[in-house]
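So you can see what is in the structure, the chains are spelled out below.
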Amino acid sequence: MSEKTPLLHYRLTTTEPSDVSPHNGAKPGRDGQRRKDKTARKLGVVFGVVIPTLLSMFSVVVFLRIGFVVGQAGLYQAIAMFLVAYFIITMTVLSVCAISTNGALDAGGAYYMISRALGPEFGGSIGIMFFFANVCGSALYVLGLVEAVMSSFGIPEAVPGLHQVLPSGYWWSLLYGTVLLFLCFVVCLVGAHIYAKATFIIFIIVTTVLASIFISFFIVGPTVVILPDSLNSTSLSTANYSGFQLHTLKGNLLPSYTVDYTTGAMMSFASVFAVMFNGCTGIMAGSNMSGDLKNPSYSIPRGTLTAVLITFITYNVLSLLAACSCDRHLLQRDYSFLGDINIWPPLVTVGVYSSTVSAAMSNLIGASRILYALSKDNLFGGVLALVRKTSRSGNPWASVLVSWLLVQVVLFAGKLNTIAGIVTIFFLLVYAAVSLACLALEWASAPNFRPSFRCFTWHTCTLGILGCLVMMFLINAIYAFASIAFMLLLIMLIHYLGPISNWGYISQALIFHQVRKYLLMLDMRKDHVKFWRPQILLVVANPRSCTGLMTFINDLKKSGLYVLGHVKLGVLDGLPSDPLQSSYDSWLSLVDHLNIKAFVNLTLADSVRHGVQNLLFITGFGAMRPNTLVLGFYDDCTPQDHLQGKILLSTGYGLDTVSPSIDPQEQRSPCFPSVRGAEEPKDLQEEEYVSVIADAVKMGKNVTLARYFNQFNREEVLGSGGKIRGHRSMPGPFVDVWPLNLLRPDSSGYVDICSLFLLQMAGVLHETRAWSQARLRLFLCVEAGCSLKVEEETKLRVMLKELRLSAQVQTVTWDQVVALHWQRQEGKERENLVEAAQNEDRRDRNEEEEAEKEDGVQQFPNNAAQLTDEYICAVNSLIRRHGAPQPAVRFLYLPRPPADTSRYHAYLHHVDLLTRDLGPTLLIHGVTPVVTTDL
C-alpha cells in the first residue's frame, strides 16, 4: 500500500445505536397504540441485542487497534489490559441487567433507566450528554470514513495510482462527509426497519471479514510488508509477517513503547490502555434497543452478556494470533496490517467501511431517539416541542432532522481529535450513571426493587462507578472535570427550570432510609440540657389568618423540629373516607410559598381540646417530638384574610407562588376555608382554650401564646431579603423581654425555670441570622429606694453574662403599680383576701408536688392572688410606656393556669388585659430546664 490509513483510533469512539424503535404516538386511541406497540416490539435476543452490541463493540477497533495494542504493550500487558477493561465493563453490564429486569422497560435505553431511577434532574442531564455524545460520535465516524476512503482513493501529492482519483482538501473532504452523512440521514428518515435491515447486512459483512482474517493467519505464508516510516514521509521500509513462529511470539511478549508513527506522540501504558478501552465499550447498544424488543427483561441480560463474552474471546484470540505471526516492527508501523496479510486485502477495507457506516448511522439514529425521548418527557418545557412530531408510522422525523443538522455542524470542524476524547468520556459518564442508579436502588432498599437478575451486589455497582471514573481521568483529566461540571450545571438547570415529574425520586428513598436509621440512633435517654433546642408544634385554626405567625415561629425554631398542626372537627364514623388526606397538598404548598421549614400534621377530633391532645401525643418520632406548644391568642379580634385577592400558582407539587389572578384556568385559590366572620361563633370556648394550656403543661410541654401577630410583617421588620433593613449604622428592631411574672407582684425572683426559658427563647431569636442585628431589651422591675435595687441589677447582669446573652438591662420602678395591688382595704376583707390567696397557693403546690412525683416534670407557682383589673391595666400601661421605640415583638411571662377550673375565665381575662394593645407579643410558660452555664 502506497499510503497507510491515519490513526483512526484517536478519532473513533464508542458506537451507541440508541433506541432505534419508532416511538408510538402517530395515531390517537388506545387500540391504535396497542397495535403499534405490537408491531414495533418484534426483535429477540440475537437481532435485538447481540448483533447491535457486537457491531458497537467491534466497530473498526477489531481491524485497526489490535496490532497497535500488541505492538506497543506486548502480549502480556495486552491481555492484562483486556482483563481490566472487561472487568470494568462487566461490572457496568451487571447493573444494566439488574435495572432492565426490574419491571417494564420502555424505549429510551440508558436514558430511560437513569431518569426513571435517579429522577428527572440526573436523568435529563445524562440524557443531554448522551445526545451530544451520539451527535459528535456520528460526526467522528463520518470523518473517519472520509479519511479511510481518501487514503485509498484520494489523489496523493506524489504520482497518483490508477485507483486514486478523488481530489483532496478541506472542502472536498467536507463534501464527501456531507454526502455520506446525507445517505445515513435518508436511511434514518425512512424508518427504523430499514436501519435494522442495513445493520443485519453489515453484521454479515463484518462476520465474513473476521472469518477471512482468522483463516488468513493460518493459510497465508511468510511475506514482506512495505510500509512508510511516518504518515507524511515518502520513504518506504519493510516489516515481516513470519507466520506462526516461536521466536516471533517471544519477541512480542514484553512491552516496547515507542513513538506513534501517525501522531508523533510517545506511547505509554495509560495512553495505549485508553485507546484500547474505547473499543471495548458500546455495551449499551442492546439495552438502547429496548423499544424494539419483544421482552427486554429477558433479552437484554442474555444478549449483552453474550456479546461481551464473544468480543472478549475475539480480542484475545486476535491478539495471540498477531503476537505469534507478526514482527514487532510491523505491528508498530502498520495499523492496517490485517489487510496486508489477508487472502484478499480489499476485504478488510470493505469491513472498515461497513463498520464505520454502521457506527455513524447508529449514532445518528440513537441521537434522534434520545432527543425525542427528552422532548416527550417535557424536561425543557417548550424548547423541544417541535421535535415531538412523528410520521404516521411513528418515526420521529423532526428529531432525526435536528440531529442530522447538528452532526452536519460538527462536520465543519474537520479534525475532531480533541472532541473524540470528550465524547468517550461522555459515554463513560453515562455508564457510571447506570451503575450509580443501580447502587442507589440497592442502597435505598426499596421493596419494589426486585430484579430477576440477581448476579450483582452493591460492590459490583461501586466497582463499575469507580472503574468508569478512573478511565475518564485516565483518558483526559481536564475533559473529565469539564464533563462532570457540565453535568452538574445541567442538573441545576433542570432542577430549577424543569417541570415536576411523576417518575419517583430515588433521593427520597435514600433520604427515608438514612432518616429512619438516624432516628433510631437518636435516643431520648441521651438528651442533655446543653443541646436542647426548641421543637415547636404550632396549632393553626385557619392558615389564612396567621401567615405572619407561621413565618415568625420559623425564625424561632433554631434548626429544631417545626410542625404545623390543625384540628378539624368531626368524627370518622359515618364519613366515607378521611377528609384530611386531600388537604395535605394545600398545606404543603402553603409551606413552600411561605418558604418555611415545617412539617404538617392534621387530625380529626370531636373537639379542639381532644385534637390538640392527639397532636401532642402522636406528633414526631422517637426523640424528634415537640417540646413547645404554640397557640394563637383567644380574643375577640376579627381574623384577617392575608391570602385574600391572591392566587397560588400550581407547578406540580401544589401552590407555590402568589400573584394577582390572571387566568383562572392556570391558577387556583388556596384550598382553605374562609376566615371566621365577626358574628360567627368560635370552635372552642374560653374554658376549653385554657384547658388546652393546662393539658400541655401536664404533659410536660412548654406553652407559648401568640397575640397580635396579624400585625407582624416580616418584610417590614427585617426587609424583603430577610435581613435588617437600612444601613449598618441604623439600629435594628427591638425585642423586649419582661422575665418577671407581672401577674404575681409578690414574686420578685428572676431565676426560676420559666423566666430562664423565656430568656432562652429570646436568645434563640436573636441568634437567628435574620434577627442578628436586633437588640434585646431586658426590663428589671424594682421598687424605688429599695436597697436591693443595685444588687438585683448586678445579679441580673451576671446571669446574662453566664448565659452568654447580649441585652440592654433597663430598670423600671413600679411602686405605684404594686401599690394598686396591695392597696389597703377594710381589715376583714383584706384578711379574707390574703387567706384565700394562701389557700389557693397551698392547693396548687400540693397538686404540683403530686405531679412532680408522678412524671418528674418540675412545676411552678401559680398566681393565685385576687388581681384587680385596675392593677393589670396599670401593668399594661407600664409596659407600653417603656416600649419606646416600638419593639418588633415582646416576650412576657405566662403564669400557669389555676388548678380550679372555675377560675379559667378570670385567668384568661387577666392575660387579655395584660397584653391588650401591646403589638406582637409572646406569652411564654416554660416547664423544662433549657439553659446551662457548664461547658
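Residues numbered from 1 in each chain as written. Predicted model: local features only at pLDDT ≥ 70, side-chain atom pairs only at ≥ 80, totals over all residues. Heavy atoms only, no water.

Draft legend 1. Main features of the nonpolar core. Counting residues in each nonpolar core, the largest one holds 149 residues, and the members touching the most others are F63, F217 and F337. For this core, the element with the highest residue contribution is helix α4 (residues 66-100), accounting for 20 residues. Among the nonpolar cores identified, the runner-up in size contains 60 residues, and C546, L602, F712 and L759 belong to it. (Core = buried A, V, L, I, M, F, W, Y, C linked by side-chain atoms within 4.5 Å. Buried < 20%, exposed > 50% of the residue type's maximum accessible area, 1.4 Å probe, protein only. Helix = DSSP H or I, 4+ residues; strand = E, 2+ residues; numbered from the N terminus.)

Draft legend 2. Region of the structure containing the packing of helix α14 (residues 346-377) against helix α15 (residues 397-411). At a minimum axis distance of 8 Å, the contact between α14 and α15 shows a crossing angle of 125°. Looking at the two axes, α14 sits oblique to α15. Between α14 and α15 lies a crossing of right-handed hand. Between α14, through L364, A367, S368, R369, L371 and Y372, and α15, the contact on the second element is made entirely by S399, V400, V402, S403, W404 and V407. Its residues placed into classes, the contact of α14 with α15 shows eight nonpolar, three polar and one charged. (Axes fitted to C-alpha atoms, helices over the stretch in contact; angles between N-to-C directions. Parallel < 35°, antiparallel > 145°, perpendicular 65-115°, else oblique. Left-handed = near helix turned anticlockwise from the far one by under 90°. Contact = heavy atoms within 4.5 Å. Nonpolar A, V, L, I, M, F, W, Y, C, P; charged D, E, K, R; others polar.)

Draft legend 3. Inspection of the pairing of strand β6 (residues 628-632) at higher detail. Judged by how many residues are buried, β6 sits mostly within the fold: four of five residues are covered. Across four bridges, strand β3 (residues 536-539) lies against β6 in parallel orientation. Paired with V539 across the strands is L631, a residue of β6. (Pairing = 2+ DSSP bridges.)

Draft legend 4. Inspection of the sheet that holds strand β13 (residues 808-813) at higher detail. An order of β5-β4-β3-β6-β10-β15-β14-β11-β12-β13 is seen for the 10 strands of this open sheet, with the pairing classed as mixed. The two strands at the open ends of the sheet, each matched to only one other strand, are β5 (599-605) and β13. With direction set aside, neighbouring strand axes in the sheet form an average angle of 25°. Pairing between strand β11 (residues 734-738) and strand β14 (residues 889-893): four bridges, direction parallel. In the sheet register, W738 faces β14, and the bridge partner there is L892. Along the sheet, helix α21 (residues 584-594) contacts β4 (562-569) and β5; its crossing angle with β5, the most-contacted strand, is approximately 145°. Along the sheet face, helix α23 (residues 686-698) touches β6, β10 (702-707) and β15 (921-925) and points at about 170° away from the line of β6.

Draft legend 5. Up close: unusual backbone geometry. The step from A884 to P885 runs through a cis peptide bond, and the omega angle for that step is -5°. With respect to the helices and strands, the residue P885 is situated in the loop between α29 (869-881) and β14. A positive phi is found at N595, a non-glycine position, where the angle reads about 60°. Relative to the assigned elements, N595 resides in the loop between α21 and β5. Classification of N595 as exposed rests on a relative accessible area of 67%.

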